[in-house]
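Structural overview
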Amino acid sequence: MKNKFIYLAIIAAGFASCEPEFENTVDADYTSGDADFTSYVAIGNSLTAGYMDGTVSRVGQTYSYPNLLAQQFALVGGGAFTQPSYADDVNNFGGLALGGLQIGNTRLVIDASQSRPENIAGTSTINVANLQATAYNNMGVPGAKSFHLLTPGYGNLAGVALGQANPYFVRHATSPTATVIGDAMTKNPTFFTNWIGANDVLSYATNGGAKPDGTTPADDHNTTGNINPLTYGPNDITNAGVYENVYRNMINTLTNGGAKGVVCTIPSVTSIPYFTTVPFAPLSPTALGGATNIATLNAQLYGPLDAIFTALGEPNRVNPLSATSANPILIFDADAANRSAQITAALSGALGVPTATAFGMVFGRARQATANDLVVLPASSVIGSVNSAAPAGININGVTFPMANKWVLTATEKNKVANATATYNAAIRSIATTKNLAVADMNAIMNRLVSGLQIETGQVYTANYFSGSATEGLVLFSLDGVHPNARGYAVITNEIIKVINQHYRANLPLHNPSYFPGINIVSSN
């Protein structure tokens, strides 16, 4: 049954893979206004580094929004702009390797022969241990949370295997004890962009609110009150007070020498394809085996569960499957009332105590997904597959066995993400105001993708991802569903340019996003 429920219909089309052209008239009346772009430094995470299709690659990095900004800054006296070297990415596969082992996946491509995205075949040639020990103008570090940028040792090679260091920063940290912000300041910035904080909440969201084990709920430290980030798990939500203090520290450091800049708000997860592509109800009657199989599932599983939950005052927690319309997946909800004991008691007479106990353990916190839940993009390859760890007979993920915590961001978890995002963004705006910095509202831009974002050329882009040839050229996201594609980074660049032009009375030209490539397609993989 694997992959029968979600069909990602992407038809191969000829997307240009060449470098973008630019139509900036050289004698135009461009000015820097009140800004000084002599030394531009970009602070951030993967969104700043040029991460796309699940990795940083040699070609992909050239489309980073800081690099595209620097091209326009150069028209008005902007100085040289450097990015971490990816010359060792000889095949443009991306990924990372350390000690002969691949520790980061190669980039995603569309395999035209399979009509689906997959990691490009091959091995990464990017060796983390080839240390560059160089500070760059682009200090975007994939995976970094806000407090990581101030943490000594975050670029220590010895800490990679222990999970204490970031391999991307390790490649270019100037010393094992260097900090990201410290290395950035060696460039003596006159202008900066700062887009940090997405991972402080996004890692929680993309993992369905679960810890790395995929089941245990990750912590929201706005609830726990924990203000020591050294004790946080990788998927925990950063305490808002911690975020604000760290952010203020960074901005004070960046502006200490008089530098001006742009800060970017954090986008809402509800607008990105990683959470909007896989429907909550993908189980068609055909995929479930037709009316006969559906009747059996209802008689042996869904009906009894519905009766138990209804008797306990939860009539819509599980409903019988429909033989005429699509059905929701069965999920594990860590916040649902645990009905293990009641299920065991109700089924012991019919199934025997051992089997009823197993049912109670499996379905105690189970329910069907609703429209308020967000199913993460990787779940598309798990729904309908056999769960080898599940009891025989109830081992089909999402059908007879609840999808694990990590595959679904529930409504409760979604609210935690939304609340943290709103608080972080309020802090960004407040701190920016005290320093008279420009604010690029990426949260608003990304939210507009749901209904359609119209740019200056009249082109409309949407979050309607993986919907076939009619829409594949109309999305701004790469194949990982979280990060922009080259065209998306051009749109982001333009949004930042617009606030620079307004706030600093500059006159910088925009890029034309249509000149940039979209999805990367290979004939076979």
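Please read these numbers as outputs of a predicted model, since none were measured by experiment. (Residues numbered from 1 in each chain as written. Predicted model: local features only at pLDDT ≥ 70, side-chain atom pairs only at ≥ 80, totals over all residues. Heavy atoms only, no water.)

Digging into the pairing of strand S1 (residues 40-44)
Extensive coverage of S1 is indicated by the burial of five of its five residues. Of the two faces of S1, the one lined by Tyr40, Ala42 and Gly44 and the one lined by Val41 and Ile43 are each fully buried. Both S1 and strand S7 (residues 191-195) contribute to a ladder of five bridges, which runs parallel. In the sheet register, Gly44 faces S7, and the bridge partner there is Trp195. Sheet topology note: the S1/strand S6 (residues 138-140) ladder contains three bridges and is parallel. Bridged to Ala42 within S6 is Asn138. (Buried < 20%, exposed > 50% of the residue type's maximum accessible area, 1.4 Å probe, protein only. Helix = DSSP H or I, 4+ residues; strand = E, 2+ residues; numbered from the N terminus. Pairing = 2+ DSSP bridges.)

Some thoughts on the packing of helix H10 (residues 340-351) against helix H11 (residues 353-363)
Contact pair H10 / H11: the axes reach a minimum separation of 7 Å and the direction vectors enclose 150°. Comparing the axis directions of H10 and H11 gives the class roughly antiparallel. Of the two elements, H10 crosses H11, and the hand of that crossing is right-handed. Where H10 abuts H11, its residues Ser340, Ile343, Thr344, Leu347, Ser348 and Leu351 lie against Val353, Thr355, Ala356, Thr357, Phe359, Gly360, Met361 and Phe363. A class-by-class count of the residues in the contact of H10 with H11 yields eight nonpolar, six polar and no charged. (Axes fitted to C-alpha atoms, helices over the stretch in contact; angles between N-to-C directions. Parallel < 35°, antiparallel > 145°, perpendicular 65-115°, else oblique. Left-handed = near helix turned anticlockwise from the far one by under 90°. Contact = heavy atoms within 4.5 Å. Nonpolar A, V, L, I, M, F, W, Y, C, P; charged D, E, K, R; others polar.)

Comments concerning the confidence of the model for the protein chain
Across the protein chain, the average pLDDT comes to 91, with 91% of residues at 70 or higher. Across residues 1-23, confidence stays below pLDDT 50; counting only partners more than four residues off in sequence or on other chains, it has 65 contacts. (pLDDT = per-residue confidence, 0-100.)

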